[in-house]
Amino acid sequence: MPLILKFVPADSPPGSSAVRMATSRIAATARSPQVWVSGLIFGRYTVQWMAVVGFLPTIYAEFGLSAVAGGLASAVVGGLNAVGAIICGALLHRGLNGRTLLFTGFGLMALTSVLTFAVNYPAGLLWVQMLGVGMFSLGGAAIPTTLTRIVVDLAPPGGSAPAAMGLAQQIFNIGNFTGPMLLAAMVSWTGGWNSTWRLTLLFAALGSLLTLRLSRKNSPFATSP
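To start, this report covers the structure provided alongside it.

Scoring rules and cut-offs
Residues numbered from 1 in each chain as written. Predicted model: local features only at pLDDT ≥ 70, side-chain atom pairs only at ≥ 80, totals over all residues. Heavy atoms only, no water. 1 Å grid on protein atoms, 1.4 Å probe; cavity = no way out; pocket = protein on both sides within 12 Å on 5 of 7 lines; lining within 4 Å. Points joined across faces, edges and corners; volume = space filled by probe spheres on them. Helix = DSSP H or I, 4+ residues; strand = E, 2+ residues; numbered from the N terminus. Phe/Tyr/Trp six-rings, centres within 6.5 Å; stacked < 30°, edge-to-face > 60°. Lys NZ or Arg CZ within 6 Å of the ring centre and 35° of its normal. Salt bridge = Lys/Arg side-chain N within 4 Å of Asp/Glu carboxyl O. Buried < 20%, exposed > 50% of the residue type's maximum accessible area, 1.4 Å probe, protein only. Axes fitted to C-alpha atoms, helices over the stretch in contact; angles between N-to-C directions. Left-handed = near helix turned anticlockwise from the far one by under 90°. Contact = heavy atoms within 4.5 Å. Core = buried A, V, L, I, M, F, W, Y, C linked by side-chain atoms within 4.5 Å. Expected span 1.5 Å × (residues − 1).

1. Side note on empty space enclosed by the protein
Argument step 1. Evaluated as defined, the whole model comprises one cavity of 30 Å³ or more.
Argument step 2. Taken as a whole, the largest cavity holds about 30 Å³ of empty space.
Argument step 3. Along its surface, the largest cavity is lined by Leu56, Ile59, Tyr60, Phe63, Thr116, Phe117, Gln129, Met130 and Val133.
Argument step 4. Within the residue set of the lining of the largest cavity, elements represented by two or more residues are helix H4 (56–62), helix H6 (98–117) and helix H7 (126–140).

Right, here's the structure in full:
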């Protein structure tokens, strides 16, 4: 708060014209298909990540880890997502195309989730599952990093970059909310965590298809730095 008071200039007193202009910009943004598609791509990531990482302590407990060990392992997986975001941000800064990063992120999430959950590993190979879910989190970070970079460029003429970001965030929060419920329903239906890869594979495929849709006409990736 002291930094805001010192460095951020005071807002101009709002008037009726300012309110009308803001409303017009928000409405123009909400009519943009690309903003909605970017939010849906974001949601296809969060529905997977929150479902898997949110249940990791429970999964590890059923695999025989203590509560402390499972909690620490889950924290490491969450931290790897932050590490991946920093790496992907640097790659974007160096000019790597955002479309490539999105496809890579969804591909890694699909592959590592299959390696993690589709195989019944013996107790001695639990580290393979832990490595797989760690790579799931690390590689998946390419998706939110890329989308956070490009969504501000998707606001249409007369639109609003903050409104575009806000709309995308609302959609990815729906993924955060629904992911654990979908995974819990699937595990209850199939009787085990080994079915988790079906959910992640489905949403990785949908995210890739939406990425193709976003990269066709007026692609935001063409103007990436």
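Next comes the rest of the write-up.
2. Quick notes on the packing of aromatic side chains
Argument step 1. Throughout the structure, instances matching the rule amount to two aromatic pairs.
Argument step 2. A centroid spacing of 5.4 Å and a plane angle of 50 degrees characterise the contact between phenylalanine 55 and tryptophan 193, whose relative ring orientation is tilted. Taken as a pair, phenylalanine 55 in the loop between helix H3 (33–54) and H4 and tryptophan 193 in the loop between helix H9 (161–190) and helix H10 (196–214) lie far apart in primary sequence, 138 residues in all.
Argument step 3. If you follow lysine 6 out to its NZ or CZ, it ends over the ring of phenylalanine 7, 5.5 Å from the centre.

3. Observations regarding the pattern of salt bridges
Argument step 1. On inspection of all chains with the given rule, the structure shows one salt bridge.
Argument step 2. Close ionic contact of aspartate 153 with arginine 149 constitutes a salt bridge, the shortest N to O distance being 2.7 Å.
Argument step 3. Of the residues examined, aspartate 153 reaches a relative accessible area of 39% and is grouped as partly exposed.
Argument step 4. Taking relative accessible area as the criterion, arginine 149 reaches 28% and is therefore assigned partly exposed.

4. Re the packing of H3 against H9
Argument step 1. Contact pair H3 / H9: the axes reach a minimum separation of 7 Å and the direction vectors enclose 30 degrees. In this structure, H3 crosses over H9, and the sense of that crossing is right-handed. The residues of H9 that touch H3, namely those facing Val35, Trp36, Ser38, Gly39, Leu40, Phe42, Gly43, Thr46, Val47, Met50, Ala51 and Val52, are Ala164, Leu167, Ala168, Ile171, Phe172, Gly175, Asn176, Thr178, Gly179, Pro180, Leu182 and Leu183.

5. Observations concerning the nonpolar core
Soluble, globular proteins show a tendency: their nonpolar side chains are buried together.
Argument step 1. Core analysis: the biggest nonpolar cluster contains 43 residues, and Ile41, Ile143, Leu147 and Leu214 have the highest contact counts within it.
Argument step 2. Mapped by element, the contributors of at least two residues to this core are H3, H4, helix H5 (67–93), H6, H7, helix H8 (142–150), H9 and H10.
Argument step 3. No other element matches H3, which puts 10 residues into this core.
Argument step 4. Leaving out residues up to four positions away in the same chain, isoleucine 143 has contacts with Ile41, Tyr45, Leu102, Gly105, Phe106 and Met109.

6. Here's the deal with H3
Argument step 1. With 22 residues, H3 should cover 32 Å at 1.5 Å per step; its first-to-last C-alpha distance of 31 Å lies within 8% of that length.
Argument step 2. With 16 of its 22 residues buried, H3 lies for the most part within the structure.

7. Focus on the environment of proline 144
Argument step 1. Positionally, proline 144 belongs in helix H8.
Argument step 2. For the pair proline 144 and glycine 105, spaced 39 residues apart in sequence, the C-alpha separation works out to 9.4 Å.
Argument step 3. Those residues in contact with proline 144, other than ones at most four positions away along the chain, are Phe42 and Tyr45.

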